[in-house]
Amino acid sequence: MISGKTLKFLPVPAALFDHQGKLLDASNSFVSLLGYSSQNELISKSDIHLFGNLTDRDILLKEIKDSGVSEKEIALHPVTGMDIHIHLSTIKMGRPLSRKSNYLSVFSNITLQKV
């Protein structure tokens, strides 16, 4: 299992979410990508502050619950207010049949490729 210390220092933007899509933990790279000053500030935000479109989040959660993995392009909403395009890779962590597993996501900023 990935611990908070391990996740915090990953050199790539990554985050751990619960089965409902609530952010539990994040790497420093993910905090920076979204323009927050600290991990605590980012984690205190609700989903509406992170996702550019909550429908994307709901589709993503359903896909992961059904298959255990997901690869998607989504929009995230950083502090600047301008959505950024992200390639998101997510995997279900924990017991395979559990409905309450956590999800590990790795993010790649593809905003410049979309221009």
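Because the structure is a prediction, the values reported are computed rather than measured.

Before we go on, may I ask you to explain the confidence of the model for the protein in this structure?
Low-confidence regions, as indicated by low pLDDT, have predicted coordinates that should not be scrutinised in detail. The predicted model of the protein averages 85 in pLDDT, with 90% of residues at 70 or higher. Ranking the elements of the protein by mean pLDDT puts helix 4 (residues 47-50) last, at 73, and helix 2 (residues 28-33) first, at 94.

Would you mind showing me how to read the sheet that holds strand 4 (residues 84-93) here?
As a general point, the strands of a sheet are linked pairwise by backbone hydrogen bonds and lie either parallel or antiparallel. Judged by pairing direction, the sheet is antiparallel, and its 5 strands sit side by side in the order 2-1-5-4-3 without closing on themselves. Two strands bound the open sheet, and with one partner strand each, they are strand 2 (23-26) and strand 3 (69-76). Within this sheet the neighbouring strands show an average axis-to-axis angle of 30 degrees, counted without direction. Both strand 3 and strand 4 contribute to a ladder of 8 bridges, which runs antiparallel. Residue Leu76 lies in a different strand from strand 4, and its bridge partner there is Ile84. Taken strand by strand, helix 5 (residues 54-67) contacts strand 3, strand 4 and strand 5 (102-109), and its axis lies near 170 degrees from that of strand 3.

What exactly am I supposed to notice about helix 5 here?
Along an α-helix, residues three or four positions apart point the same way, because every turn accommodates 3.6 residues. Taking 1.5 Å per residue as the helical rise, helix 5 with its 14 residues ought to reach 20 Å, and the 20 Å between its terminal C-alpha atoms agrees with that figure. When helix 5 is considered as a whole, its buried residues turn out to be Arg57, Leu60, Leu61 and Ile64. One face of helix 5 carries all of its buried residues, which in axial projection span an arc of 100 degrees. Those residues of helix 5 that are exposed and aimed more than 90 degrees away from the buried face are Lys62 and Asp66. Gly68 lies just past helix 5 and shows a positive phi near 90 degrees.

It is not clear to me how the nonpolar core should be interpreted in this structure. Could you clarify?
Inside soluble globular proteins, nonpolar side chains tend to come together where they are buried. Within the largest apolar cluster, 21 residues are counted, with the highest numbers of intra-cluster contacts made by Phe30, Leu34, Leu42, Leu76 and Phe107. The set of elements that each furnish at least two residues to this core consists of strand 1 (14-17), strand 2, helix 2, helix 5, strand 3, strand 4 and strand 5. Ignoring any residue separated from it by four or fewer positions in sequence, one finds Leu76 in contact with Phe30, Leu34, Leu50, Phe51, Gly52, Asp83, Ile84, Ile86 and Phe107. Core analysis: the next-biggest nonpolar cluster, separate from the first, contains 5 residues, Leu7, Ala14, Leu16 and Met93 among them.

Calculation rules
Residues numbered from 1 in each chain as written. Predicted model: local features only at pLDDT ≥ 70, side-chain atom pairs only at ≥ 80, totals over all residues. Heavy atoms only, no water. pLDDT = per-residue confidence, 0-100. Helix = DSSP H or I, 4+ residues; strand = E, 2+ residues; numbered from the N terminus. Pairing = 2+ DSSP bridges. Axes fitted to C-alpha atoms, helices over the stretch in contact; angles between N-to-C directions. Contact = heavy atoms within 4.5 Å. Expected span 1.5 Å × (residues − 1). Buried < 20%, exposed > 50% of the residue type's maximum accessible area, 1.4 Å probe, protein only. Arc of directions from axis to C-beta. Core = buried A, V, L, I, M, F, W, Y, C linked by side-chain atoms within 4.5 Å.

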